[in-house]
Amino acid sequence: MKKVLITGFEPFLHYTINPTAQIAEDLHGLRIGHYEICGKVLPVQFSKSWEQCLLHIEEEKPDAVLMLGLAAGRYKITPERVAINCADGEKDNEGMVKQDETIHSEGPAAYFSTLPIRTFVNVLQKRGLPAEISNTAGTYLCNYIMYQAIHYFKQSNQNIPAGFIHVPASHELALEIGNVPSFSQQDLTEAVSLMISNMA
């Protein structure tokens with residue numbers, strides 16, 4: 001049985017709910033297709049997010065890594081095509097602010113996702129779940145850990161598929177913040193399950 005590491009993030013900024021944390025918790029320990037799921041929730045902290053993600057990778061030795069993040073305002077599930085070598089954006093949950101910072105001084109300008117993102121989009125659309133490939137993961141924590149993870153696997157010569165998927169707000173979060181597109185938490189979890197079952 002192969003293993004997939006799924007990561008979500010804790011609530012951040014003014015969002016008191018992060019549906020990706022719930023997805024990671026709900027899928028943890030399940031078997032989907034050929035995969036056993038290990039779900040973990042990461043802190044929204046530049047100083048700790050990758051450190052904890054790497055710890056989970058080293059402990060679990062997964063066969064694939066799917067990192068999830070909230071993109072409140074997007075109306076589709078969006079697998080990310082690329083992560084760039086830049087950290088920038090609003091303060092994290094520790095109050096740290098990155099501005100125009102290089103993630104790895106010796107790293108390339110960008111990395112492409114090594115997940116089958118076109119397959120993911122096709123499968124989700126076929127199931128009636130709005131999805132499209134996104135060409136920007138931003139410059140905040142989502143882009144940060146996507147870049148770090150792919151860089152790590154490249155540098156250590158491990159052929160482990162890894163990448164990032166942004167999801168819209170859940171209905172519960174939309175009720176709190178208002179005026180944003182939303183999915184049911186059940187549909188968000190189902191979408192991630194579908195992507196895992198179509199990893200091959």
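Up top is the structure these notes are about.
Residues numbered from 1 in each chain as written. Predicted model: local features only at pLDDT ≥ 70, side-chain atom pairs only at ≥ 80, totals over all residues. Heavy atoms only, no water.

Undergrad: Honestly, unusual backbone geometry in this entry has me stumped. Any pointers?
TA: Of note in this structure, K61 is not a glycine but carries a positive phi near 50 degrees. Relative to the helices and strands, K61 is located in the loop between helix 2 (49-60) and strand 4 (64-70). On the basis of relative accessible area, K61 is assigned to the exposed category, the value being 64%. Positive phi, close to 60 degrees, is recorded for N179, a residue that is not glycine. Positionally, N179 belongs in the loop between helix 5 (171-177) and strand 10 (182-183). Residue N179 is classed as exposed on the basis of its relative accessible area, which comes to 84%. (Helix = DSSP H or I, 4+ residues; strand = E, 2+ residues; numbered from the N terminus. Buried < 20%, exposed > 50% of the residue type's maximum accessible area, 1.4 Å probe, protein only.)

Undergrad: Quick question: what am I supposed to make of the packing of aromatic side chains here?
TA: The full count for this structure, using the stated rule, is seven aromatic pairs. Put simply, the rings of F12, Y15, F46, Y140 and Y144 pair up and form one aromatic cluster. (Phe/Tyr/Trp six-rings, centres within 6.5 Å; stacked < 30°, edge-to-face > 60°.)

Undergrad: What's the story with the environment of V167 in this structure? I'm lost.
TA: Topologically, V167 is positioned in strand 8 (residues 162-167). In this view, V167 contacts P19, T20, G69, L70, A71 and L188; residues no more than four positions away in its chain are not counted. (Contact = heavy atoms within 4.5 Å.)

Just geometry here; none of it tells us what the structure is for.
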